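Descriptive structure summary
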Amino acid sequence: MIGGIAVIGQAGALAVVHDGLLLHLRDLPQAATLLTGTTDRPPGVDRPAGADRLPGADRPSNMDGPVNADRPAGTDRPPNADRPSSADRPTGAEGSAGSVPGGPRLNRAGARPTVTDVAVEGLRALCLALDLPAEQAAPVAAIRVGGPCPPSLAPRLQRGKAIIVRGGHDLTGRPLAPLDLSSVRRFAADCGLTDFAVTATGSPVLADHELQVAAAIADEVPGARITLSYEYGRCGLREREQWAIGNAALCPYAAHLADQAARRFPHLPLYFCRTDDGLVSAHYFRRYPLSCAEGATAALHRGLQALTDRQALTDQQTLTDRQTLPGQRSPHELGAPLRVQRGALHGTAWPTPEQAAAFGAPLTAPMAAVERIVRARGTAELDNAVADAQDEALARVISAGAAPGSAHIAATAVNPLSYLPDGLYRLRISARGATP
């Protein structure tokens, strides 16, 4: 069994799922305060006026990069999801959705549910679905390695400082200029910030200059959190830079959330929902929080889809039962497997958004993705580059919390790049695993 906790606004909910079957669903009134720390803001993160979008959140992607921060109209609440009355909502302890008969027992049955009251017998892991608000973004020190540019093309920051230093490569790996490490060291020592975003021209092909800049920052600012744009992998300099800035800005808040969750649930493996699909470990979440910037929204859609499928299956079973001739047994009576347990929500009433998101949180698995630009002069070189990228994707999904032996390559795409020198390819590799 795997638990899911979702926080949407100030409302929270807990779901327990086993093999796709919803076994338990209840409200957690204190989840927003105790998990997201709305009254306990992390040090150094002030709420700036007018900060309504995350840097790097302009374009959707299935990689560990920018996400679309605009929610589609009508997706904030499920259909017919005006808060149910007491007659419509599932019954259970304290008027919240309760356990299915025969389901798991909470250790404090009958008590008012709290965020720490999730100790369920047999629970193997806990998945957290959260949206990371843009106002929690911290100031960032942005370093671009490349040539000079007009002010309109300089790094875009909501809060922080930026510098452009000489260096970088073209997409064939040829250096454009020697790396100016002395300027990097002075900027790192004088900026007064600890969250850095580093973007070098040509880093998707050759990341040497970004790695050298990161080493110089670590020497000058011990304990600095450093995001490197090559880990996103896209060709576009500005796109990678905005991803790096957005990711670096969320790192302090992500560390705060991960610490809060670890204190609340010290004996459970913790996962966070990604914006696109999949889960990541708390360690991975600290490193790449932008990949989870809209985890609650993704879990909400996943939960609503599962509930919609459940309703369609229930309707089909009802029709089949009615069409069964006297003396025959319906497929349902013969034990046809159900992915969503009938009666788990005590009828057909839609749950609240946070309940649907809590249900959707455990319905996926650890996932990670890698995108790289490689240069290969023949099939053998390309095969080696693909194998290296697949190894990196497998390492990432293990870091994202995949259980031992469960990591596997889910998809591989190799595409030649047009209008560029021959032998340049974009590799997109995704890997998946299973929770414990």
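Definitions and limits used
- Residues numbered from 1 in each chain as written.
- Predicted model: local features only at pLDDT ≥ 70, side-chain atom pairs only at ≥ 80, totals over all residues.
- Heavy atoms only, no water.
- Helix = DSSP H or I, 4+ residues; strand = E, 2+ residues; numbered from the N terminus.
- Buried < 20%, exposed > 50% of the residue type's maximum accessible area, 1.4 Å probe, protein only.
- Contact = heavy atoms within 4.5 Å.
- Areas by Shrake-Rupley, 256 points an atom, 1.4 Å probe, with all protein chains shown as cover.
- Pairing = 2+ DSSP bridges.
- Axes fitted to C-alpha atoms, helices over the stretch in contact; angles between N-to-C directions.
- Expected span 1.5 Å × (residues − 1).
- Bend = angle between axes of the 7 residues up to and from the residue.
- Parallel < 35°, antiparallel > 145°, perpendicular 65-115°, else oblique.
- Left-handed = near helix turned anticlockwise from the far one by under 90°.
- Nonpolar A, V, L, I, M, F, W, Y, C, P; charged D, E, K, R; others polar.
- Core = buried A, V, L, I, M, F, W, Y, C linked by side-chain atoms within 4.5 Å.
- Arc of directions from axis to C-beta.
- pLDDT = per-residue confidence, 0-100.
- Disulfide = S-S within 2.5 Å.

Looking only at helices and strands, one finds eight helices and 13 strands in the protein chain. A burial count over the protein chain gives 52% of its 436 residues as buried. Looking at the protein chain alone, contacts between residues at least 24 apart form 71% of all its contacts between residues at least 6 apart. For the protein chain, the accessible area works out to roughly 18,800 Å², and carbon and sulfur atoms hold 53% of it.

Looking now at the pairing of strand 5 (residues 140–145). Counting buried residues along strand 5, six of its six residues qualify, which places the element largely inside the surrounding structure. Here strand 5 shows two buried faces, one formed by Val140, Ala142 and Arg144 and the other by Ala141, Ile143 and Val145. As paired elements, strand 5 and strand 6 (residues 160–165) share six bridges and run parallel to each other. Opposite Arg144, over in strand 6, you have Ile164 as the bridge partner.

Taken together, the four strands give an open sheet; going across it, the order is 6-5-7-8, and neighbouring strands pair in parallel fashion. Lying at the two open borders of the sheet, with one neighbouring strand each, are strand 6 and strand 8 (225–228). On average, each strand axis in the sheet is tilted by 15 degrees relative to the strand beside it, whichever way the strands run. Bridge count between strand 7 (residues 195–200) and strand 8: four bridges; the pairing is parallel. Its bridge partner being in strand 8, Ala197 is matched across the sheet by Thr227. Relative to strand 6, helix 2 (residues 181–190) is tilted by about 170 degrees, and along the sheet it contacts strand 5, strand 6 and strand 7. Across the sheet, helix 4 (residues 237–264) touches strand 5, strand 7 and strand 8, and the angle it forms with strand 7 is around 165 degrees.

This next bit is on helix 4. An α-helical turn contains 3.6 residues, so any two residues separated by three or four positions project in the same direction. Helix length check: helix 4, at 28 residues, gives a terminal C-alpha distance of 40 Å against a target of 40 Å (1.5 Å per residue), a fit within 8%. Remark: the principal bend of helix 4, roughly 40 degrees, maps to Cys251, with a proline, Pro252, within the next four residues. Counting buried residues along helix 4, 22 of its 28 residues qualify, which places the element largely inside the surrounding structure.

Now for the packing of helix 2 against helix 3 (residues 208–220). When two helices pack together, their arrangement is given by the angle between the helix axes and the distance between those axes. Contact geometry for helix 2 and helix 3: axes closest at 9 Å, N-to-C directions at 40 degrees. Our classification of the angle between helix 2 and helix 3 gives oblique. Crossing geometry of helix 2 relative to helix 3 is assigned as right-handed. Each of Leu181, Val184, Arg185, Ala188 and Ala189 in helix 2 lies in contact with helix 3, whose residues at this interface are Gln212, Val213, Ala216, Ile217, Asp219 and Glu220. The class makeup of the residues in the contact of helix 2 with helix 3 is seven nonpolar, one polar and three charged.

Strand order across the open sheet formed by six strands is 3-2-1-4-9-10, with mixed pairing between neighbours. With partners counted over all chains shown, the strands left at the sheet margins are strand 3 (21–27) and strand 10 (279–281), one partner each. Taken over all neighbouring pairs, the strand axes of this sheet differ in orientation by 25 degrees on average, direction set aside. Note: strand 4 (residues 125–129) against strand 9 (residues 270–273), three bridges, orientation parallel. Looking across to strand 9, one finds that Leu128 is bridged to Phe272. Contacts from helix 7 (residues 353–360) reach strand 1 (2–8), strand 2 (11–18) and strand 3 within the one sheet, and its direction differs from that of strand 2 by about 35 degrees.

Core analysis: the biggest nonpolar cluster contains 53 residues, and Ile5, Leu35, Leu128, Phe272, Val280, Phe285 and Leu427 have the highest contact counts within it. Counting residues per element, this core draws most heavily on helix 4, which supplies eleven residues. By size, the runner-up hydrophobic cluster in this structure holds 24 residues, among which are Ile2, Ala13, Leu22 and Ala129.

With respect to the element layout, Pro351 can be found in the loop between helix 6 (295–323) and helix 7. Classification of Pro351 as buried rests on a relative accessible area of 3%. Sequence separation between Pro351 and Leu25 is 326 residues; the distance between their C-alpha atoms is 9.4 Å.

Moving on: helix 2. If you check which residues of helix 2 are buried, you get Ser183, Val184, Phe187 and Ala188. The arc that holds every buried residue of helix 2, seen down its axis, measures 130 degrees, which confines them to one face. Taken together, the buried residues of helix 2 touch strand 5, strand 6, strand 7 and helix 3. Gly192 sits one or two positions beyond helix 2 and adopts a positive phi of about 75 degrees.

This next bit is on the confidence of the model for the protein chain. Overall, the prediction assigns the protein chain a mean pLDDT of 78, with 71% of residues at 70 or greater. Contacts from residues 65–116, a stretch scored under 50 in pLDDT, to residues over four places away or in other chains number 121 contacts. Every residue in residues 327–348 scores below 50 in pLDDT, and together they form 46 contacts with partners more than four places removed in sequence or on other chains.

This part covers the state of the cysteines. The final tally for this structure, using the stated rule, is zero disulfides. As a non-bridged cysteine, Cys273 has Cys127 as the owner of its nearest cysteine sulfur, 6.0 Å distant. Judged by relative accessible area, Cys273 falls into the buried class, the value being 1%. No disulfide involves Cys292; its nearest neighbouring cysteine sulfur is the one of Cys273, lying 7.9 Å away.

Attention shifts here to the environment of Ala129. Considering the arrangement of structural elements, one finds Ala129 in strand 4. Judged by its relative accessible area of 0%, Ala129 falls in the buried class. A C-alpha to C-alpha distance of 7.0 Å links Ala129 and Ala358, two positions 229 residues apart in sequence.

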